[in-house]
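Structural features, examined
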Amino acid sequence: MGIVYILTCHTTDQNYIGSTFCSLKTRYNKHKRDKSCVSRYIIERNNHSIRELETYETEDRRELEKREQYWMDQYDCINHKRAYVTKEQRKEQMKRLNELYHKNHRKERCDYAKQLYYKNYDKNREGDKRRKEWRRSWKADGRMGFYNDFLDIDVKLFHY
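The model shown is predicted, which means the values in this text are computed figures rather than measured ones. (Residues numbered from 1 in each chain as written. Predicted model: local features only at pLDDT ≥ 70, side-chain atom pairs only at ≥ 80, totals over all residues. Heavy atoms only, no water.)

1. Examining the overall build of the protein chain
Short version of the rule: To qualify as a helix, a DSSP run of H or I must reach at least 4 residues; to qualify as a strand, a run of E must reach at least 2; elements of each kind are numbered from the N terminus. Throughout, exposure labels follow a simple rule: accessible area from a 1.4 Å probe, protein chains only, divided by the maximum for the residue type, with under 20% read as buried, over 50% as exposed, and the rest as partly exposed. Here, residues are in contact when the closest pair of their heavy atoms is within 4.5 Å. Using the Shrake-Rupley algorithm and a 1.4 Å probe, accessible areas are obtained, with residue cover drawn only from the displayed protein chains.
Looking only at helices and strands, one finds 6 helices and 3 strands in the protein chain. Looking at the protein chain as a whole, 25% of its 160 residues are labelled buried. A sequence separation of at least 24 residues applies to 55% of the contacts in the protein chain between residues at least 6 apart. Carbon and sulfur atoms provide 51% of the accessible area of the protein chain, an area that totals close to 13,100 Å².

2. Thoughts on the nonpolar core
Filter applied, for reference: Residues belong to a common nonpolar core when they are buried Ala, Val, Leu, Ile, Met, Phe, Trp, Tyr or Cys residues joined through side-chain atoms within 4.5 Å.
Counting residues in hydrophobic clusters, the biggest one holds 12 residues: Ile3, Tyr5, Leu7, Cys9, Tyr16, Leu24, Tyr28, Cys37, Val38, Ile42, Ile43 and Ile78. Put simply, the parts of the chain that give this core at least two residues each are β1 (2-9), α1 (24-33) and α2 (40-43). It is β1 that contributes the most residues to this core, 4 residues altogether. Residues within four places of leucine 24 in sequence aside, it is in contact with Ile3, Tyr5, Ile50, Arg51 and Glu52. Core analysis: the next-biggest nonpolar cluster, separate from the first, contains 9 residues, Leu64, Met72, Cys77 and Ala83 among them.

3. Details of the environment of arginine 51
Among the structural elements, arginine 51 can be located in strand β3 (residues 48-56). The class of arginine 51 is partly exposed, set by a relative accessible area of 43%. Remark: the alpha-carbon pair of arginine 51 and leucine 24, spanning 27 residues in sequence, is separated by 8.1 Å. If we ignore the near neighbours within four places in the chain, the residues touching arginine 51 are Tyr5, Ile6, Leu24 and Tyr75.

4. What about the sheet that holds β3?
Note the threshold: For two strands to be treated as a pair, DSSP must find at least two bridges joining them. In this analysis, axes come from line fits to C-alpha atoms, helices being fitted only over the stretch in contact, and the angle between any two N-to-C directions falls in the range 0 to 180 degrees.
Strand order in the open sheet formed by 3 strands is β2-β1-β3, and the pairing between neighbours is antiparallel. Strands at the two margins of the open sheet, each flanked by one partner only, are β2 (15-20) and β3. Ignoring which end each strand starts from, the neighbouring axes of this sheet average 20 degrees apart. Sheet strands in contact with helix α3 (residues 61-74) are β1, β2 and β3, and its direction is about 165 degrees off that of β2.

5. Here we look at unusual backbone geometry
At aspartate 13, a residue that is not glycine, the phi angle is positive and equals roughly 60 degrees. Relative accessible area serves as the criterion here: at 61%, aspartate 13 is assigned to the exposed category. Although it is not a glycine, asparagine 46 sits at a positive phi angle of roughly 60 degrees. Among the secondary structure elements, asparagine 46 is positioned in the loop between α2 and β3. For asparagine 46, a relative accessible area of 65% translates into the label exposed.

6. Observations regarding the side chain of glutamate 54
The following threshold applies: Two N or O atoms count as a polar contact when they lie within 3.5 Å, although within protein this holds only if one can serve as hydrogen donor and the other as acceptor, and sequence-adjacent residues are included solely when both atoms are side-chain atoms.
In this fold, glutamate 54 is placed in strand β3. A distance of 2.7 Å separates polar atoms of two side chains, one belonging to glutamate 54 and the other to arginine 67. At 2.7 Å, the side chain of glutamate 54 forms a polar contact with the side chain of tryptophan 71. Residues in contact with glutamate 54, not counting those within four places in the same chain, are Gly2, Ile3, Val4, Arg67 and Trp71.

7. Section: the pattern of salt bridges
So the rule is basically this: By salt bridge we mean one thing: a side-chain nitrogen of Lys or Arg within 4 Å of a carboxyl oxygen of Asp or Glu.
Taken as a whole and judged by the stated rule, the model has 5 salt bridges. Glutamate 54 is the salt-bridge partner of arginine 67, the closest N and O atoms lying 2.7 Å from each other. Highlighted residues: arginine 67 in helix α3 and glutamate 54 in strand β3, separated in sequence by 13 residues. Using a relative accessible area of 16% as the deciding quantity, one classes glutamate 54 as buried. Here glutamate 65 and arginine 61 are joined by a salt bridge, their closest N and O atoms 3.7 Å apart. One end of the pair is glutamate 65 and the other is arginine 61, both in helix α3 and 4 residues apart, which spans about a single turn.

Take it as geometry only, folks, not as evidence of what the structure does.
Written out as structure tokens, the structure reads:
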């Protein structure tokens, strides 16, 4: 059985919504110790209360997160992350993160590409030489009629 709860600051009227499978008292004590959660802003003011919004009959964490997200959508809350994210939302989120990463790390990626280029400079030059030589020989063969032999067709074959 899961619990969806709300932590309310009476000074600023901010809300934090969460969910847990343990007791509300145990979860509140974890919030007091946890310095990385945004609920610390409410707890540090020492003018807050915690209450249960709903007892939800489930043993599945994802189902409880869906229910928590429902309540997050009902209240104005300071939660940074969504409790439940659909596959489409996750794809969109990853797309935005990738775009942001590539935008912010463009210079590093260019520098890395330059390093690889100069590291393999001799190999690249050798490959360029081989490609140019192949192109030259191919063009020379074409000019000399090497490939034109395939076009010499005896016209008498097609007369009846």
